[in-house]
Amino acid sequence: QVQLVESGGGLVQPGGSLRLSCVASGSIFSINFMGWYRQAPGKERELVATITSGGLTNYAESVKGRFTISRANAKNTVYLQMNSLKPEDTAVYYCKLALGRYQISYWGQGTQVTVSS
């Protein structure tokens, strides 16, 4: 079956940068989109950014101008470049894959991002 593995999280000071990676493996077919979501302690999981198979992107208002999502289709890999990080960006970041006509969803285990001085 499908497996998503995230990497690249860690501890960074405010204003710093991180790049997250997500690699999908298994029975991959007809990718509709891939994306990044995050969940901070005591808060709901929220959309950060998505990218469709055609390259169209969508960002949460809070990260526009700071984060960039990209994809390497041949490797079923998606990246999230995060710049100018703020303490409020602290969360577990999850990769999502949506497959096929009906957008069947798969999730990774998450990677911790902590922004603190």
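Criteria and cut-off values
- Residues numbered from 1 in each chain as written.
- Predicted model: local features only at pLDDT ≥ 70, side-chain atom pairs only at ≥ 80, totals over all residues.
- Heavy atoms only, no water.
- Patch = residues over 30% accessible without salt bridge, like charges linked within 9 Å, V, L, I, M, F, W, Y side chains within 5 Å.
- Areas by Shrake-Rupley, 256 points an atom, 1.4 Å probe, with all protein chains shown as cover.
- Salt bridge = Lys/Arg side-chain N within 4 Å of Asp/Glu carboxyl O.
- Helix = DSSP H or I, 4+ residues; strand = E, 2+ residues; numbered from the N terminus.
- Buried < 20%, exposed > 50% of the residue type's maximum accessible area, 1.4 Å probe, protein only.
- Core = buried A, V, L, I, M, F, W, Y, C linked by side-chain atoms within 4.5 Å.

Draft legend 1. Up close: a nonpolar patch on the surface. Taken together, Phe29, Tyr102 and Ile104 make up a surface patch of nonpolar side chains, about 350 Å² in accessible area. Looking at where tyrosine 102 falls in the secondary structure, it is placed in the loop between strand S9 (91-99) and strand S10 (104-107). The exposure class assigned to tyrosine 102 is exposed, which follows from its relative accessible area of 66%.

Draft legend 2. Expanded view of the nonpolar core. The biggest cluster of nonpolar side chains holds 30 residues, and the ones touching the most others in it are Trp36, Leu80, Met82 and Tyr93. Listed by contribution, the elements that provide at least two residues to this core are strand S3 (18-25), strand S4 (31-39), strand S5 (46-52), strand S7 (67-72), strand S8 (77-82), S9 and strand S11 (111-115). Looking at this core, the element that brings in the most residues is S9, giving five residues.

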